[in-house]
There are 2 protein chains.
Amino acid sequence: MDITFLLFDGLTVLDAIGPYEVLHRVPDANVQLAAKSAGPITTENVLTLSATHALADVTRTDVLVVPGGFATQQLEHDPETLDWIRAMDATSTWTTSVCTGSMVLAAAGLLGGKRATTHWAWLDRLAEYGAIPTSERVVEQGKILTAAGVSAGIDMGLTLAARLSDDVTAQAIQLGIEYDPQPPFDAGALDKAPQEAVEILANMYAARTAATS
Amino acid sequence: MDITFLLFDGLTVLDAIGPYEVLHRVPDANVQLAAKSAGPITTENVLTLSATHALADVTRTDVLVVPGGFATQQLEHDPETLDWIRAMDATSTWTTSVCTGSMVLAAAGLLGGKRATTHWAWLDRLAEYGAIPTSERVVEQGKILTAAGVSAGIDMGLTLAARLSDDVTAQAIQLGIEYDPQPPFDAGALDKAPQEAVEILANMYAARTAATS
């Protein structure tokens, strides 16, 4: 079973690594990391990952995972990436995204008329592509799974692991990564975080969006 | 503020990337990824990360993060790694670990008489080094923070982010990574997982431990 992650310069690394850590543990998983070229991919800070395959060398997959990051604003308009995503989706069993990865699925035309989620700060934009913005942690629509921001990819990964194997296998993976979350604050959603924290982010996103668009 | 992650071949990638995704967002963080040599590091599956520094080129840090993985069984007996950890700890403000990274801190002699945690399957072994095994998600003892298995590094990272900055900044980071966990199962701790899932892991760990020791 081929599980292929799309990598690209500027991705948010936990978007990819959350589901990666879950899905590489699924029995018979053959994980591939595909980017425009095989080799080094820079993330949002100092970390460099390495793609195992060039996009051109992956002509089909069973599972596609598209992570997000500010750089998806460029991918939404990148024909090579969008064509490849459509080609993968043509034969995939599951087409999935984390965070703003769903903006790229939407730009590829895969989410029209479908409920979908993304990072909370981008949620309204899904409607630009005809998707139905849905504020849920993981949204399942047929073979498409979209997850909310960054860390939601772990929850999506476990949901998908159960579909690819069975509940007990997914539970064993959850126990293996000791995913019994106990955050020190309850500030991980817009309706829970203090206003001051929301403002810090709103200012940062405005600056970053302007810088990368 | 220098925040240095120890990387090594065979690490569990989410152990490092959970706190990395949190800590690189702390204002004024200068993140470094240190390994025996700068350059490619293989993880437990196909993913390769790149170390930004060789251990020899990092002579001090403010924050040390030691991730885990089966490979820590070798690091517990590796003088170069243990000496470097002791040198970092000599001047660090915070010395931290995720998962079996605490076994390496313990082997370096940093946990004697201290409460500490690690992945649930290794917890008893901390006592071999004079630490006090403590089944908690994140254990704080003076400047030492140890986290439980794999995904606990996100919770540790947020705890540490608040110490390095303030609660509102940590809450903004939590909102930024939308860390509002909603796992599809409640199986992330030994007393919550179904027995069948525990048995799957026990068999796998026995095989892996035999293969790497």
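Honestly, the overall build of chain A in this entry has me stumped. Any pointers?
When its secondary structure is counted, chain A shows seven helices and eleven strands. Here the C-alpha radius of gyration of chain A, 16 Å, is about what a compact globule of 213 residues would show, namely 17 Å. Referenced to the eigenvectors of the C-alpha coordinate spread, the extents of chain A come out at roughly 45 × 40 × 40 Å. In chain A, which comprises 213 residues, the proportion classed as buried is 62%.

Got a minute to help me understand helix H1 (residues 13–23) of chain A in this structure?
Because each turn of an α-helix spans 3.6 residues, side chains separated by three or four positions in sequence point in the same direction. Counted residue by residue, H1(A) has eleven buried out of eleven residues, so it is predominantly covered. Among all positions in H1(A), only A:Val13, A:Leu14, A:Asp15, A:Ala16, A:Ile17, A:Gly18, A:Pro19, A:Tyr20, A:Glu21, A:Val22 and A:Leu23 are buried.

What's the story with the nonpolar core in this structure? I'm lost.
Formed by 156 residues in total, the largest nonpolar core has its most connected members in A:Leu7, A:Ile85, B:Leu7 and B:Ile85. Sequence-distant contacts of A:Ile85, defined by excluding residues within four places in its chain, comprise A:Leu6, A:Leu64, A:Val66, A:Val104, A:Leu105, A:Ala108 and A:Leu110.

Can you help me understand the relation of the copies chain A and chain B in this one?
With an RMSD of 0.0 Å, the operation that places chain A on chain B is a rotation of 180 degrees combined with a shift of 0.0 Å along the axis. The operation mapping one copy onto its partner corresponds to a two-fold rotation axis. No C-alpha of chain A approaches the rotation axis more nearly than that of A:Leu49, which lies at 2.4 Å. When you check the interface residues of chain A against chain B, 100% turn up at the interface there too, and the contact is symmetric in its surfaces.

Explanation requested: the interface of chain A and chain B in the structure shown.
Put simply, an interface is often sized by how much accessible area is lost when its parts join up. Taken together, the contact between chain A and chain B spans 63 residues of the former and 63 residues of the latter. Both faces considered, chain A and chain B share a buried interface measuring about 5500 Å² in area, 65% of it formed by carbon and sulfur atoms. Where chain A meets chain B, there are four salt bridges. For B:Arg25, the salt bridge is made with A:Glu44, and the minimal N-O distance between the two is 4.0 Å. The interface formed by chain A and chain B holds 38 residue pairs in polar contact (both at pLDDT 80 or more) in total. Elements with a minimum of two residues in the side of chain A that touches chain B: H1, strand E2 (30–35), strand E4 (48–51), helix H5 (152–164), helix H6 (167–176) and helix H7 (195–212) of chain A. At eight residues, the largest contribution of residues to the side of chain A that touches chain B is made by H6(A). Taken together, the residues that form the side of chain A that touches chain B break down as 35 nonpolar, 17 polar and eleven charged.

Can you help me understand the pattern of salt bridges in this one?
Between side chains of opposite charge, a pair can form as their charged atoms come close. Summed over all chains, the structure comprises 30 salt bridges over all chains. A:Arg125 is the partner of A:Glu128 in a salt bridge, and the nearest nitrogen-oxygen pair spans 3.1 Å. You can call A:Glu128 exposed: its relative accessible area is 55%. Of the charged contacts in the structure, one is a salt bridge between B:Lys36 and B:Asp78, with a shortest N-O distance of 2.9 Å. You can see B:Lys36 sitting in the loop between strand E2 (30–35) and strand E3 (39–42) and its partner B:Asp78 sitting in the loop between helix H2 (72–75) and helix H3 (79–91), a full 42 residues away along the chain. Accessibility expressed as a relative area gives 42% for B:Lys36, which makes it partly exposed. A relative accessible area of 16% means that B:Asp78 is categorised as buried.

Before we go on, may I ask you to explain the packing of aromatic side chains in this structure?
Any aromatic ring pair is given by two values, namely how distant the centres are and how the planes are angled relative to each other. Residue and element names in this part refer to chain A. In the structure shown here, the tally under the stated rule is ten aromatic pairs over all chains. Seen from their ring centres, Trp120 and Tyr205 are 5.9 Å apart, and the 55 degrees between their planes marks the pair as tilted. Of this pair, Trp120 sits in the loop between strand E8 (115–116) and strand E9 (132–133) while Tyr205 sits in helix H7, and the two are 85 residues apart along the sequence. With relative accessibility at 8%, the residue Tyr205 sits in the buried group. Following the ring pairs from residue to residue traces out a cluster consisting of Phe70, Trp120, Trp122 and Tyr205.

So what exactly am I meant to see when it comes to the sheet that holds E2(B) here?
The strands that make up a sheet pair up through hydrogen bonds in the backbone, lying either parallel or antiparallel. Residue and element names in this part refer to chain B. A sheet is described by the order of its strands in space; here seven strands give the open sequence E5-E2-E1-E6-E7-E11-E10, paired in mixed fashion. Strand pairing shows two members of the sheet lacking a second neighbour, strand E5 (53–54) and strand E10 (138–141), which therefore form its edges. Where E2 meets E5, two bridges bridge the pair, whose relative direction is parallel. From the neighbouring strand, Ala34 faces E5, where its bridge partner is His53. Where helix H1 (residues 13–23) meets the sheet, its contacts fall on strand E1 (2–6), E2, strand E6 (63–66) and strand E7 (94–98), and the angle it forms with E1 comes to roughly 170 degrees.

Quick notes on the rules
Residues numbered from 1 in each chain as written. Chains lettered and ligands numbered in written order. Predicted model: local features only at pLDDT ≥ 70, side-chain atom pairs only at ≥ 80, totals over all residues. Heavy atoms only, no water. Helix = DSSP H or I, 4+ residues; strand = E, 2+ residues; numbered from the N terminus. Rg over C-alpha atoms; globule rule 2.2 N^0.38 Å. Buried < 20%, exposed > 50% of the residue type's maximum accessible area, 1.4 Å probe, protein only. Core = buried A, V, L, I, M, F, W, Y, C linked by side-chain atoms within 4.5 Å. Contact = heavy atoms within 4.5 Å. Least-squares fit on C-alpha atoms with pLDDT ≥ 70 in both. Buried area = accessible area lost by both parts, 1.4 Å probe. Salt bridge = Lys/Arg side-chain N within 4 Å of Asp/Glu carboxyl O. Polar contact = N/O pair within 3.5 Å; in protein donor to acceptor, adjacent residues only side chain to side chain. Nonpolar A, V, L, I, M, F, W, Y, C, P; charged D, E, K, R; others polar. Phe/Tyr/Trp six-rings, centres within 6.5 Å; stacked < 30°, edge-to-face > 60°. Pairing = 2+ DSSP bridges. Axes fitted to C-alpha atoms, helices over the stretch in contact; angles between N-to-C directions.

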